[in-house]
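Letter by letter, the chains look like this.
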Amino acid sequence: AQSVTQLDSQVPVFEEAPVELRCNYSSSVSVYLFWYVQYPNQGLQLLLKYLSGSTLVKGINGFEAEFNKSQTSFHLRKPSVHISDTAEYFCAVRAAGGGFKTIFGAGTRLFVKA
Amino acid sequence: GAGVSQSPSNKVTEKGKDVELRCDPISGHTALYWYRQSLGQGLEFLIYFQGNSAPDKSGLPSDRFSAERTGGSVSTLTIQRTQQEDSAVYLCASSLVGAEHTEAFFGQGTRLTVV
């Protein structure tokens, strides 16, 4: 079974500052890793995903994440945030190669201040 | 349709009543998932459909919860004898099937309030 821990429930940050949203996972098998974003009053949309290959993954809206197998982490970063990045961010994990149950973390609310 | 559609968007029901939540997945998506999002919580997996069958229904919280899918398309999540702890946003997602099809597309959810 897999599990996901998002270490911060809320992250306030000023506009144009860098941000890192932390995610750790546990699994006894290889995994796929995802970050989803949920804007206010909207559904979840995929931000980026790691399946295999390069451990640095780039997604939409200038976000990127790095898969670190030894630390079982998949932290999300953006060098300069905008007000419009205010949203809830969910890290998720799924067993690789055939699993279909995606396990989500509790979410991190990113609040960008002017 | 262009995306995953859920109805109703909001539902207020009295404790003890039954409710039905509907999900229309993206056309051609064989896989369909139901999740529950409680206030301040992450997404809790409820059930997964591949076609009309449900290989994994391990997340259904109790026997008051059931789901079906017909024609490989529309799915209905039914909650019988609703309780206040059932209040949550119920999210549906769909995807293509296959190891390479890893992205799930989510609907906007049904906000259920049990009073």
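Anyway, here's the lowdown on the structure attached to this text. Given the structure is predicted, the values throughout are model-derived calculations rather than measurements.

We now examine the environment of Tyr35(B). Structurally, the position occupied by Tyr35(B) is in strand β4 (residues 31-37). Residue Tyr35(B) is classed as buried on the basis of its relative accessible area, which comes to 2%. Distance from Tyr35(B) to Tyr48(B), taken between C-alpha atoms, is 9.2 Å for residues 13 residues apart in sequence. If we skip the residues at most four places from it in the chain, Tyr35(B) touches Thr102(A), Phe104(A), Leu43(B), Glu44(B), Phe45(B), Leu46(B), Val89(B), Tyr90(B), Leu91(B) and Phe106(B). A polar atom in the side chain of Tyr35(B) sits 3.0 Å from the backbone oxygen of Thr102(A).

A few words on the pairing of strand β3 (residues 19-24) of chain B. Residues and elements named next belong to chain B. Burial along β3 is one-sided: the residues Val19, Leu21 and Cys23 are buried and none of Glu20, Arg22 and Asp24 is. Two strands pair when backbone bridges link them, and strand β1 (residues 5-7) and β3 are joined in this way by three bridges, in the antiparallel orientation. Its bridge partner lying in β3, Ser7 is registered against Arg22.

Relative to the elements of secondary structure, Gln37(B) occurs in strand β4. Owing to a relative accessible area of 13%, Gln37(B) belongs among the buried residues under this scheme. At 3.2 Å, the side chain of Gln37(B) and the side chain of Gln38(A) are in polar contact. Setting aside residues no more than four positions away along its own chain, Gln37(B) makes contact with Gln38(A), Phe90(A), Gly42(B), Leu43(B), Ala88(B), Val89(B) and Leu91(B).

Another point: the state of the cysteines. Taken as a whole and judged by the stated rule, the model has two disulfides over all chains. One disulfide bridge connects Cys23(A) with Cys91(A), the sulfur atoms lying 2.0 Å from each other. With the S-S bond torsion at -65°, the cross-link from Cys23(A) to Cys91(A) turns out left-handed. Within this pair, whereas Cys23(A) is found in strand β4 (residues 23-26), its partner Cys91(A) is found in strand β10 (residues 87-95), the two being separated by 68 residues in sequence. Note on Cys23(A): relative accessible area 0%, which makes it buried. Disulfide pairing places Cys23(B) opposite Cys92(B) at an S-S distance of 1.9 Å. What sets the handedness of the Cys23(B) and Cys92(B) disulfide is the S-S torsion sign, and at about -65° it is left-handed. One end of the pair, Cys23(B), is in strand β3; the other, Cys92(B), is in strand β9 (residues 88-95), with 69 residues separating them in the sequence.

The next thing to look at is the interface of chain B and chain A. The partner chain A presents 19 residues to the 22 residues of chain B that form the contact. Carbon and sulfur atoms supply 56% of the area that chain B and chain A bury against each other, a total of about 1,600 Å² over both sides. Across the contact surface, chain B and chain A share three residue pairs in polar contact (both at pLDDT 80 or more). Breaking the side of chain B that touches chain A down by element, the ones donating at least two residues are β4, β5 (43-50) and β6 (53-56) of chain B. Across the side of chain B that touches chain A, the residue classes tally to ten nonpolar, ten polar and two charged.

Residues and elements named next belong to chain B. A sheet is described by the order of its strands in space; here four strands give the open sequence β1-β3-β8-β7, paired in antiparallel fashion. Taken across any chain shown, the strands that pair with only one partner, and hence form the sheet edges, are β1 and β7 (65-69). Sheet twist, expressed as the average angle between the axes of neighbouring strands with direction ignored, equals 15°. Bridge count for β3 against strand β8 (residues 75-79) is five bridges, and the pairing is antiparallel. When the sheet's bridge partners are listed, Arg22 is paired in β8 with Thr76.

Reading guide: rules and limits
- Residues numbered from 1 in each chain as written.
- Chains lettered and ligands numbered in written order.
- Predicted model: local features only at pLDDT ≥ 70, side-chain atom pairs only at ≥ 80, totals over all residues.
- Heavy atoms only, no water.
- Helix = DSSP H or I, 4+ residues; strand = E, 2+ residues; numbered from the N terminus.
- Buried < 20%, exposed > 50% of the residue type's maximum accessible area, 1.4 Å probe, protein only.
- Contact = heavy atoms within 4.5 Å.
- Polar contact = N/O pair within 3.5 Å; in protein donor to acceptor, adjacent residues only side chain to side chain.
- Pairing = 2+ DSSP bridges.
- Disulfide = S-S within 2.5 Å.
- Buried area = accessible area lost by both parts, 1.4 Å probe.
- Nonpolar A, V, L, I, M, F, W, Y, C, P; charged D, E, K, R; others polar.
- Axes fitted to C-alpha atoms, helices over the stretch in contact; angles between N-to-C directions.

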